[in-house]
Amino acid sequence: AQSVSQHNHHVILSEAASLELGCNYSYGGTVNLFWYVQYPGQHLQLLLKYFSGDPLVKGIKGFEAEFIKSKFSFNLRKPSVQWSDTAEYFCAVNMRFGAGTRLTVKP
Amino acid sequence: NAGVMQNPRHLVRRRGQEARLRCSPMKGHSHVYWYRQLPEEGLKFMVYLQKENIIDESGMPKERFSAEFPKEGPSILRIQQVVRGDSAAYFCASSGNSGAISETQYFGPGTRLLVL
């Protein structure tokens with residue numbers, strides 16, 4: 001069965017700290033990988049996606065993610081977070097979403 | 001270019017009533033996806049539709065739930081005889097005409113359904 005796991009439910013960081021949000025999946029076919037973000041009071045929007053090519057993907061607002069096929073992972077990273085990154089982050093594989101990780105950045 | 005629109009934004013129903021949720025995709029998009037988000041849970045895929053076709057309904061509950069995307073007009077998610085457990089946020093997304101899974105989905109603001 002297909003599944004997407006986001007192990008961190010709530011992450012709290014101070015500004016300028018580095019961020020890594022985990023995403024693991026279970027799926028036997030071709031995978032298309034996405035990270036979406038939902039800022040407070042706003043719609044979900046795409047941060048970045050991977051479907052082929054360079055496994056290190058750069059997205060908007062300084063985010064990046066690395067597809068590691070052998071680990072079935074697609075972790076999201078940002079070297080230095082800002083208060084404005086406070087949001088909920090969702091990993092998706094094809095049309096399956098993880099439970100989300102709420103990120104709170106303290107000023 | 002208008003984004004994905006959903007209405008109503010909030011819907012209150014009593015147990016046993018019907019709920020109809022509407023989704024108008026972005027202009028030029030012909031693929032629509034419905035998701036449900038229960039409190040403290042992630043998005044659960046429900047159904048993927050193309051105009052006049054259901055492509056994948058593997059996430060739809062077997063009873064009381066149905067979805068359509070007619071040739072003209074919005075996509076409709078219909079829940080018959082609602083129960084308290086149907087209370088959730090229902091999100092619609094649309095994507096471009098290729099229908100490829102690698103296409104970005106654009107999300108609407110959601111409909112919050114409350115069943116009393």
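In what follows, the structure referred to is the one given above.
A. Region of interest: the pairing of strand β9 (residues 88-95) of chain B. Residues and elements named next belong to chain B. Counting buried residues in β9 gives 8 out of 8 residues, a clear majority hidden from the surface. Side-chain alternation along β9 places A88, Y90, C92 and S94 on one buried face and A89, F91, A93 and S95 on a second face that is also buried. In this structure, strand β4 (residues 31-37) lies alongside β9, joined through 7 bridges in antiparallel fashion. Residue pairing across strands places H31 opposite S95, the latter belonging to β9. Bridge count between β9 and strand β11 (residues 111-115): 3 bridges; the pairing is antiparallel.

B. Fine view of the pattern of salt bridges. Residues and elements named next belong to chain A. Across all of its chains, the model carries 7 salt bridges over all chains by this definition. K58 is the salt-bridge partner of E64, the closest N and O atoms lying 2.7 Å from each other. We classify K58 as exposed; its relative accessible area is 62%. Between E64 and R77 there is a salt bridge; the shortest N-O distance is 3.3 Å. In this pair, E64 is assigned in strand β8 (residues 64-68) and R77 in strand β9 (residues 73-78), connecting sequence segments 13 residues apart. Through salt bridges with shared partners, a single network forms among K58, E64, E66 and R77.

What counts and what doesn't
Residues numbered from 1 in each chain as written. Chains lettered and ligands numbered in written order. Predicted model: local features only at pLDDT ≥ 70, side-chain atom pairs only at ≥ 80, totals over all residues. Heavy atoms only, no water. Buried < 20%, exposed > 50% of the residue type's maximum accessible area, 1.4 Å probe, protein only. Helix = DSSP H or I, 4+ residues; strand = E, 2+ residues; numbered from the N terminus. Pairing = 2+ DSSP bridges. Salt bridge = Lys/Arg side-chain N within 4 Å of Asp/Glu carboxyl O.

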